[in-house]
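Residue strings, one per chain:
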Amino acid sequence: CAMITRLHSFELYDWAPKINWDVVDKVILVSKAMQQMFNELYPENAHKTVVIYNGRSLNEFTPPTQRDFGFNIGMLCRITPIKRVYETILMLHNLRQMGYDASLHVAGEPADDYRYMVAIRRLVKKLNLENSVRFYGHVAVSPTWLRKIDIFISNSFWEGQSVALMEAMASGCYCLSH
């Protein structure tokens, strides 16, 4: 039978070098940019690639008829250095020092390296932001959670197609993406 694989960017650099591409018939990538990166690394396998964009139905994500702006900033992600939650907390601290009554709501679980989460919690305490930063853990129903958010931030320095960002836009949040 045919061997087909789907490749994400983190797998491109961590796992792809370990794969015997001669036995793979088709490589599915989530964007043209990912396809280009794969083709640069494995030009002899470029003919095997196909792009199937990431996505999901947005029917359950609807903007409210009226939103009272409360300066609730939200992030929905795996808590890992690439998502730059730490830097977003520093930004929140700067906003609060400038007199803005902003709060940060972070939904998601820590990645495998829990040191990053420990560093984030230490930063929140050091900057005296315990009442301004809330961690939710895994959020199973993102449409409900996103209704509480005014500004959604995707601060990742490496992102393909952020499903969370699309959901936030469909929910009527103001969205900022790095």
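Right above here is the structure, for reference.
What this report covers is the structure whose coordinates are included nearby. Remember, it's a predicted structure, so these values are computed and weren't measured experimentally.

Parameters at a glance
- Residues numbered from 1 in each chain as written.
- Predicted model: local features only at pLDDT ≥ 70, side-chain atom pairs only at ≥ 80, totals over all residues.
- Heavy atoms only, no water.
- Helix = DSSP H or I, 4+ residues; strand = E, 2+ residues; numbered from the N terminus.
- Areas by Shrake-Rupley, 256 points an atom, 1.4 Å probe, with all protein chains shown as cover.
- Lys, Arg positive; Asp, Glu negative; His and termini not counted.
- Charge placed at Lys NZ, Arg CZ, Asp CG, Glu CD.
- Buried < 20%, exposed > 50% of the residue type's maximum accessible area, 1.4 Å probe, protein only.
- Pairing = 2+ DSSP bridges.
- Right-handed = clockwise from strand over helix to strand, strands pointing away.
- Axes fitted to C-alpha atoms, helices over the stretch in contact; angles between N-to-C directions.

### Comments concerning the overall build of the protein
Looking only at helices and strands, the protein features six helices and eight strands. Counting only C-alpha atoms, the protein reaches 60 × 40 × 25 Å along its principal axes. Surface summary for the protein: the accessible area is close to 10700 Å², and the carbon and sulfur share equals 54%. Computed over 19 positive and 17 negative side-chain charges, the inter-centroid distance for the protein is 5 Å.

### Section: the pairing of strand 5 (residues 103–107)
Most of strand 5 sits inside the fold, with five of its five residues counted as buried. Burial along strand 5 is two-sided: S103, H105 and A107 facing one way and L104 and V106 facing the other are all buried. When strand 4 (residues 72–76) meets strand 5, the two strands line up parallel, connected through five bridges. In the sheet register, L76 faces strand 5, and the bridge partner there is A107. Taking the sense of rotation as the criterion, the β-α-β connection linking strand 4, helix 3 (residues 85–97) and strand 5 turns out right-handed. Sheet analysis places strand 5 next to strand 6 (residues 133–137), joined by four bridges and oriented parallel. Counterpart to A107 in the pairing with strand 6 is G137.

### Observations concerning the sheet that holds strand 4
The strand order across the open sheet formed by five strands is 6-5-4-7-8, and the pairing between neighbours is parallel. The open sheet has two free edges, formed respectively by strand 6 and strand 8 (174–177), since each of these has just one partner strand. Adjacent strand axes in the sheet meet at a mean angle of 20° when their direction is disregarded.

### Remarks on unusual backbone geometry
Here the phi dihedral of F71 falls at roughly 60°; this positive angle occurs in a residue that is not glycine. On the secondary structure map, F71 appears in the loop between strand 3 (49–51) and strand 4. With a phi angle near 55°, N128 is a residue other than glycine that sits in the positive phi range.

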